[in-house]
Amino acid sequence: QGDWSSDVCSSDFEAMWTDLLAEHGGPMLFGDFGIADAYFAPVCSRIRTYALPVSPTVAAYVDRVHQLPAMQAWIGQALAEHDFIAFDEPYRSGP
């Protein structure tokens, strides 16, 4: 069994993002912000939350995604959320 964190951000995953950033000149995967960046925003969040080891190029992309106003709003709203719904969070015993 290998290191879980290295499986999540495999070299293939990093290579895809690195290649797209280089090919399209950044700052986002296909140049300007687009659907691919929105799709991968939750992945960027997991990379940052779990401090997964990524290359400097990918780390810079993750930082740029986190600086987007929509991402800031999403994070802010998530942090402000205090509702407890037992069905959605069976691992918690209460608020």
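Residues numbered from 1 in each chain as written. Predicted model: local features only at pLDDT ≥ 70, side-chain atom pairs only at ≥ 80, totals over all residues. Heavy atoms only, no water.

**Q** How would you summarise the layout of surface pockets if you had to cite specific residues and measurements?
**A** Considered as a void within the structure, the largest pocket measures approximately 190 Å³ in volume. Where the lining of the largest pocket is concerned, the elements lending two or more residues are α3 (35-49) and α5 (69-80). (1 Å grid on protein atoms, 1.4 Å probe; cavity = no way out; pocket = protein on both sides within 12 Å on 5 of 7 lines; lining within 4 Å. Points joined across faces, edges and corners; volume = space filled by probe spheres on them. Helix = DSSP H or I, 4+ residues; strand = E, 2+ residues; numbered from the N terminus.)

**Q** How would you summarise the confidence of the model for the protein if you had to cite specific residues and measurements?
**A** Looking at the protein, pLDDT values average 87 and 86% of them are 70 or higher. The lowest-confidence element of the protein is helix α1 (residues 4-8), averaging 52 in pLDDT; the highest-confidence one is helix α4 (residues 56-67), averaging 97. (pLDDT = per-residue confidence, 0-100.)

**Q** Residues and numbers for the side chain of S45, please.
**A** Among the secondary structure elements, S45 is positioned in helix α3. Look at S45 and you get buried, because its relative accessible area is 15%. Sequence-distant contacts of S45, that is, excluding residues within four places in its chain, are made with H66 and M71. (Buried < 20%, exposed > 50% of the residue type's maximum accessible area, 1.4 Å probe, protein only. Contact = heavy atoms within 4.5 Å.)

**Q** Could you give an account of the pattern of salt bridges, naming the residues involved and the relevant values?
**A** Side-chain pairs of opposite charge can arise where the charged atoms are in close proximity. Within this structure, the stated rule accounts for 1 salt bridge. The salt bridge partner of D63 is R48, with a shortest N-O separation of 2.6 Å. Taken as a pair, D63 in helix α4 and R48 in helix α3 lie far apart in primary sequence, 15 residues in all. A residue is classified by how much of its surface remains accessible, and R48, at 41% relative accessible area, is partly exposed. (Salt bridge = Lys/Arg side-chain N within 4 Å of Asp/Glu carboxyl O.)

**Q** So, the side chain of H66: which residues are in play, and what are the values?
**A** In this fold, H66 is placed in helix α4. For H66, the contacting residues outside a window of four places in its chain are C44, S45, R48, M71, Q72 and I75.

**Q** So what's going on with the packing of helix α2 (residues 11-24) against α4? Residues and values would help.
**A** As a packed pair, α2 and α4 sit with axes 9 Å apart at the nearest point and diverge in direction by 75 degrees. It follows from the interaxial angle that α2 and α4 lie roughly perpendicular. Between α2, through E14, W17, T18 and L21, and α4, the contact on the second element is made entirely by T57, V58, Y61, V62 and R64. (Axes fitted to C-alpha atoms, helices over the stretch in contact; angles between N-to-C directions. Parallel < 35°, antiparallel > 145°, perpendicular 65-115°, else oblique.)

**Q** Run through α2, naming residues and quoting values.
**A** With 14 residues, α2 extends 20 Å from end C-alpha to end C-alpha; this agrees with the ideal 20 Å at 1.5 Å per step. Buried residues of α2: F13, E14, W17, L20 and L21, and no others. Burial along α2 is one-sided: seen end-on, the buried residues are contained in an arc of 135 degrees. When the buried face of α2 is taken as reference, the exposed residues oriented beyond 90 degrees from it are S11, D12, D19, A22 and E23. (Expected span 1.5 Å × (residues − 1). Arc of directions from axis to C-beta.)

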